[in-house]
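Observations on the three-dimensional arrangement
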Amino acid sequence: MRQFFSKLSDKFKLLQRFENIMPAHLQGIVLALISTGMFVFVGAIVRLLSERIDLFQILLFRQIVFILLLTPVIVKSLDILLKPKMKSLHVMRITGAFIALYFGFVTVSNIPFADATALGFTQVLFVAVISRMFLSESVGLLRILTIVVGFLGVMLVIQPSFDSTSIFYTLVGLSGALGAAIAVVCVRRMAQSQSRVTLLTYQAIFVGLIALVPGIYGWQWPTTYEFLLLVSVGVISSIAQWIGVTAYKVTEANIVANVEYAKIIYSLIIGYYLFMEMPNILSLIGVSIIIASALLPILCKSLSKKVDSVTS
């Protein structure tokens, strides 16, 4: 176990070195790509586990593993953790994180994998609105246009049938995306003054406490294979969350949230190879639109910098 924590610590040191060799917005983009890819993979594992294991149990196990991984750092930072600051934001973030995690698990376990991922993209819309209202981050015309276009792409991927089941899981997915957006904006607000250890520890512990009672109530003893998958959910999620918090620490929430559109590529690949889900033509068009809406602001920012350098 010590060897594992040592290797994990080395990875975090490499991450800190990475932060020093790249511009902030590029750091955020690269870290977000890595983090989102890992979270999509976790979603696939959750879907496999949900065939027999209760979702609250999966969430509880995820948080337990997360806390165990954080234990050495928690011990070192105990003095800081016992003196919480910005309590209301922590409560909002934990609430949003729980809604995002549990509702996300429900969605990914009951509808096609790419559809569940596409619903999560509405988080970008919620982040833009909330960050504008509470963080005073600019949301220009280009940003609004890309959000609208991206949302149309999402609808083409999902192609909701508007029957009761479709509407229910669509609303669940949207609620999860709203919870994620609240958590993201809270992280953005707190990340400049709160350490990553503080942000991750509070969420790990309190989301676990929320899931404790329903998780124990619906407990099913896992097989060895299921146990390994449960551990994988916790380990991969922990690393992905650490990387994700770092991404939001180094650049604007809107930029990182926009990069998360890359999830659709990951989900299509995983959905095809693991769950035999073949996208139709409209879905592929929707994916193309989503990717284009994500790349457009990045390209425009790059062109703007080139124009500024030439004119100056």
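The structure contained in this document is the topic of the report that follows. Since the model is a prediction, treat every value here as computed from it, not as a measurement.

Another aspect to go through is the overall build of the protein chain. Looking only at helices and strands, the protein chain features 14 helices and 0 strands. Starting at the N terminus and walking to the C terminus, you meet the elements of the protein chain as α-α-α-α-α-α-α-α-α-α-α-α-α-α. In the protein chain, buried positions account for 49% of the 312 residues. Long-range pairs, those at least 24 residues apart, make up 90% of the contacts in the protein chain with a sequence separation of at least 6. Summing over all exposed atoms, the protein chain offers an accessible surface of approximately 15700 Å²; the carbon and sulfur share of this is 71%.

This part covers the pattern of salt bridges. Going through the model one piece at a time under the given rule, you end up with 1 salt bridge. Among the ionic pairs, E226 bridges to R52, the shortest N-O distance being 2.8 Å. Here E226 is found in helix α11 (residues 224-250), whereas its partner R52 is found in the loop between α2 (24-49) and α3 (55-76), with 174 residues between them in sequence.

Turning next to empty space enclosed by the protein. Going through the model one piece at a time under the given rule, you end up with 3 cavities of 30 Å³ or more. For the largest cavity, the calculated volume is near 920 Å³. Lining of the largest cavity is provided by 43 residues; of these, F39, A100, Q123, A180 and K263 occupy positions nearest its centre. Broken down by secondary-structure element, the contributors of at least two residues to the lining of the largest cavity are α2, α5 (87-110), α6 (113-120), α9 (164-190) and α11. Residue contributions to the lining of the largest cavity peak at 9 residues, all from α5. A breakdown of the residues in the lining of the largest cavity according to their chemical character gives 25 nonpolar, 14 polar and 4 charged. A volume near 40 Å³ is recorded for the second largest cavity. The set of elements that each furnish at least two residues to the lining of the second largest cavity consists of α7 (122-134) and α8 (141-158). Broken down by element, the lining of the second largest cavity gets its largest block of residues, 4 residues, from α8.

Moving on, we come to the packing of α5 against helix α10 (residues 196-217). Remark: α5 packs on α10, axes separated minimally by 9 Å, with the N-to-C direction vectors making an angle of 60°. On the basis of the axis angle, α5 is oblique to α10. Crossing geometry of α5 relative to α10 is assigned as right-handed. Facing α5, whose interface residues are H90, R93, I94, A97, F98 and L101, α10 presents T198, L199, L200, Y202, Q203, F206, V207 and I210.

Thresholds applied
Residues numbered from 1 in each chain as written. Predicted model: local features only at pLDDT ≥ 70, side-chain atom pairs only at ≥ 80, totals over all residues. Heavy atoms only, no water. Helix = DSSP H or I, 4+ residues; strand = E, 2+ residues; numbered from the N terminus. Buried < 20%, exposed > 50% of the residue type's maximum accessible area, 1.4 Å probe, protein only. Contact = heavy atoms within 4.5 Å. Areas by Shrake-Rupley, 256 points an atom, 1.4 Å probe, with all protein chains shown as cover. Salt bridge = Lys/Arg side-chain N within 4 Å of Asp/Glu carboxyl O. 1 Å grid on protein atoms, 1.4 Å probe; cavity = no way out; pocket = protein on both sides within 12 Å on 5 of 7 lines; lining within 4 Å. Points joined across faces, edges and corners; volume = space filled by probe spheres on them. Nonpolar A, V, L, I, M, F, W, Y, C, P; charged D, E, K, R; others polar. Axes fitted to C-alpha atoms, helices over the stretch in contact; angles between N-to-C directions. Parallel < 35°, antiparallel > 145°, perpendicular 65-115°, else oblique. Left-handed = near helix turned anticlockwise from the far one by under 90°.

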